[in-house]
Amino acid sequence: MVKAKQKTLRIFNIEIENEADFFPYMEKNLILLKEYLLVLKGDITPKVTQYLDSHNICFILSDDCKLNFSSKTNNDQNRDIISKSVTEAEPQAQKSTPNQQPIVTIQAEPRVQTLLIEKPIRSGEVVIHEGDVTIFGRVNSAAKVIAEGNVEVYGAIDGLVQCDGDYMIVKELGKGHIIFNGDILEKEHFNGTLKKVTYSSAGAVIKDIF
């Protein structure tokens, strides 16, 4: 008998140009990356693999894995294709007189309601939501917020916040981590003033709101 059960796997693609940059990057993000499968590409030396093994980090080499990993850019392209398909498709119009424009009915998909959290998220608490998330309190250490939509956090972030939406609003990144569409955001970008994070072809773009 064979039993199979589908699981959601969280992955980071890491391209290593040289050891000198790899080890400081890993030390800075070690707590975060321990929870992910790393797909490695580039200059993968014995020292690199020994380091990962010593910290019990699960990894594979990209050359050994032929999976097609999606990206934010690919998702945007897919949205464009879907949008064009809807626009170019022949509409199902109701009967009309010669002087009357045909009536076209477009049924939009139901939108997931925004999750509002007005209290601090406690250590060990995990929040997973398919839509947008707005948090007015602090995200404490060892707490996790994972959202498929946009995320706004008006308190300090000492835990993990992962956003796969179009934008984030962040005030303060403390001892925690932010992952925005697969990019790990650096702490020095957040100084206690409200920032808006969006995505471009070059990666995350962080700007002051005021």
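Our structure's up above, just so we're on the same page.
Values in this document were obtained by computation on a predicted structure and should not be read as measured data. (Residues numbered from 1 in each chain as written. Predicted model: local features only at pLDDT ≥ 70, side-chain atom pairs only at ≥ 80, totals over all residues. Heavy atoms only, no water.)

Draft legend 1. Broad picture of the packing of helix α1 (residues 19-33) against helix α2 (residues 46-54). Axis separation between α1 and α2 bottoms out at 11 Å; the angle between their running directions is 10°. Between α1 and α2, the angle falls in the class roughly parallel. For the pair formed by α1 and α2, the contact residues are E19, F22, F23, M26, E27 and L30 on the first element and K47, V48, Y51 and L52 on the second. Looking at the contact of α1 with α2 residue by residue, the class counts come to 7 nonpolar, no polar and 3 charged. (Axes fitted to C-alpha atoms, helices over the stretch in contact; angles between N-to-C directions. Helix = DSSP H or I, 4+ residues; strand = E, 2+ residues; numbered from the N terminus. Parallel < 35°, antiparallel > 145°, perpendicular 65-115°, else oblique. Contact = heavy atoms within 4.5 Å. Nonpolar A, V, L, I, M, F, W, Y, C, P; charged D, E, K, R; others polar.)

Draft legend 2. View of the packing of aromatic side chains. A complete count under the given rule lists 6 aromatic pairs for this structure. Ring geometry for F136 and Y154: centres 5.7 Å apart, planes at 15°, overall stacked. Here F136 is found in the loop between β6 (133-135) and β7 (144-147), whereas its partner Y154 is found in strand β8 (residues 151-157), with 18 residues between them in sequence. With centroids separated by 6.1 Å and ring planes inclined at 50°, the aromatic side chains of F180 and Y199 adopt a geometry described as tilted. Of this pair, F180 sits in strand β11 (residues 177-180) while Y199 is found in strand β13 (residues 195-200), placing the two residues 19 residues apart along the sequence. (Phe/Tyr/Trp six-rings, centres within 6.5 Å; stacked < 30°, edge-to-face > 60°.)

Draft legend 3. Region of interest: α1. When the terminal C-alpha atoms of α1 are compared, their 17 Å separation across 15 residues is substantially less than the 21 Å that a helix rising 1.5 Å per residue should span. The largest bend along α1 measures about 50° and falls at E27. For α1, the full list of buried residues reads F22, M26, N29, L30, L32 and L33. Buried positions along α1 lie against β1 (11-16), β2 (37-42), α2, β9 (160-163), β11 and β12 (183-184). Put simply, N18 is the residue that caps the front of α1, since its side-chain oxygen is 3.2 Å from the backbone nitrogen of A20. (Expected span 1.5 Å × (residues − 1). Bend = angle between axes of the 7 residues up to and from the residue. Buried < 20%, exposed > 50% of the residue type's maximum accessible area, 1.4 Å probe, protein only. Polar contact = N/O pair within 3.5 Å; in protein donor to acceptor, adjacent residues only side chain to side chain.)

Draft legend 4. Local environment of the sheet that holds strand β3 (residues 59-61). Taking strand neighbours across the sheet as the criterion, the 3 strands line up as β1-β2-β3 in an open arrangement whose pairing is parallel. Edge positions in the sheet fall to β1 and β3, since each has one partner strand and no second. Sheet twist, expressed as the mean angle between neighbouring strand axes with direction ignored, is 25°. Its contacts with the sheet place α1 against β1 and β2, and it is angled at close to 175° to β1. (Pairing = 2+ DSSP bridges.)

Draft legend 5. Main features of the nonpolar core. Grouped together as the largest cluster of nonpolar side chains are 22 residues, with contacts concentrated most on I121, I135, V139, V145, M168 and I178. Those elements that provide at least two residues to this core are β6, β7, β8, β9, β10 (168-173) and β11. Ranked by size, the runner-up nonpolar core spans 18 residues in total, among them I14, I16, F22 and L52. (Core = buried A, V, L, I, M, F, W, Y, C linked by side-chain atoms within 4.5 Å.)

Draft legend 6. View of unusual backbone geometry. One non-glycine residue with positive phi stands out, namely A142, at about 75°. Assignment of secondary structure puts A142 in the loop between β6 and β7.

Draft legend 7. Layout of the pattern of salt bridges. Scanning all chains against the criterion turns up 6 salt bridges. Of the charged contacts in the structure, one is a salt bridge between D158 and R138, with a shortest N-O distance of 2.7 Å. With D158 in the loop between β8 and β9 and R138 in the loop between β6 and β7, the pair connects residues that are 20 residues apart, well separated along the chain. Here R138 falls in the partly exposed class, since its relative accessible area comes to 38%. Several salt bridges share partner residues, and in doing so they unite R10, E35 and K144 into one network. (Salt bridge = Lys/Arg side-chain N within 4 Å of Asp/Glu carboxyl O.)

Worth remembering: the numbers are spatial, not functional.
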